[in-house]
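Descriptive structure summary
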Amino acid sequence: MWRFLLMAAILTMGSSASWAVDNSKTAASSPTVHAIDFAGNAAIDSSTLQKRLSIKPSGPFDPRQVLFSRDLVMSIYQEKGYADVRVSTRTIVRSPGLVDVHFRIEEGPLYHVGAISVEGNRSISEKLIRRDLGLTTGDPFSQSRIYEGNRRLFLSGYFETAEIHYSSAPAHRTDVHV
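A few words now on the packing of aromatic side chains. Using the criterion set out here, one finds two aromatic pairs in the structure. Residues Phe 38 and Phe 103 carry aromatic rings whose centres are separated by 5.1 Å and whose planes lie at 20 degrees to one another, so their mutual orientation is stacked. Taken as a pair, Phe 38 in strand β1 (residues 32-39) and Phe 103 in strand β3 (residues 98-106) lie far apart in primary sequence, 65 residues in all. Of the residues examined, Phe 103 reaches a relative accessible area of 1% and is grouped as buried. Relative to Tyr 82, the ring of Tyr 77 lies with its centre 5.6 Å away and its plane at 75 degrees, an arrangement referred to as edge-to-face.

A low pLDDT means the predicted coordinates there should not be read in detail. On average, residues of the chain carry a pLDDT of 80, and 78% of them reach 70 or more. By mean pLDDT, the top-scoring element of the chain is β3 (98), and the lowest-scoring one is helix α1 (residues 24-29) (50).

Glancing now at the pattern of salt bridges. Per the stated rule, a full pass over the model turns up nine salt bridges. A salt bridge links Arg 64 to Asp 62, with the shortest nitrogen-to-oxygen separation between them at 3.1 Å. The salt bridge partner of Arg 151 is Glu 148, with a shortest N-O separation of 2.7 Å. Here Arg 151 pairs with Glu 148, and both are found in helix α5 (residues 143-155), just three residues apart, close to one helical turn. Residue Arg 151 is classed as partly exposed on the basis of its relative accessible area of 43%. Residue class for Glu 148 comes out partly exposed when judged on its relative accessible area of 29%. Each of Glu 148, Arg 151 and Arg 152 takes part in a single network of salt bridges with overlapping partners.

Mapped onto the secondary structure, Ser 69 falls in helix α3 (residues 63-79). You can call Ser 69 buried: its relative accessible area is 0%. Setting aside anything within four residues of it in sequence, one finds Ser 69 in contact with Leu 53, Ser 54, Ile 55 and Phe 103.

Here is what the cut-offs are and how they apply
The numbering scheme is per chain: residues are counted from 1 as the chain's sequence reads. Residues qualify for local features only when their pLDDT is at least 70, as the model is predicted, and side-chain atom pairs are given and counted only at 80 or more; totals for whole chains, interfaces and linings, by contrast, use all residues. Hydrogens and water are ignored here; the side-chain numbers use all heavy atoms of the structure. Pairs were defined over the aromatic rings of Phe, Tyr and Trp, the Trp ring being its six-membered one, requiring ring centres within 6.5 Å. Orientation was assigned from the angle between planes: stacked under 30 degrees, edge-to-face over 60, tilted for the rest. A helix here means a DSSP run of H or I that spans at least four residues, while a strand means a run of E at least two residues long, and both kinds are numbered starting from the N terminus. The buried label applies to any residue whose accessible area, calculated with a 1.4 Å probe on protein chains only, is under 20% of its type's maximum; exposed applies above 50%, and partly exposed to all values in between. Values of pLDDT, which run from 0 to 100, indicate the predictor's confidence residue by residue. By salt bridge we mean one thing: a side-chain nitrogen of Lys or Arg within 4 Å of a carboxyl oxygen of Asp or Glu. Whether two residues are in contact is decided by their heavy atoms: any pair within 4.5 Å suffices.

Now the structure itself:
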């Protein structure tokens, strides 16, 4: 699940107006990220995760960016097939102005694509549909790969509609129905 935050400021000023920004109060009171660490991450190493985060050690601390980074870590895991991943964060103030950010990851089971079935097709080979779908049995389950496969099928021009449904099956496999 992605969450986007859009922040905008609009200033309307006459041609002769002037303005200045006083950073003296905010710069002194802005906390800094001291350290970032991860626990519970066996499938994806900490350095790979940290490279993708919007928060960085020695960078500014922003609680909204911590939440965004948490959601990003969840998305990275879900893309790798960990559909049930849970990520929590904890921040610790080390000293005035320095904050540590801890990510706790519960990976959950790895899901794979199970059976792939094609229904309702009358004019094109199932082999071509499976090729355009871009998924094979045994692949790690990835929501974005399913969306991309659906897009390719629709854009192929062979279909008025292309619908993909999937269901969780036993043994952490996900069956895909085209």
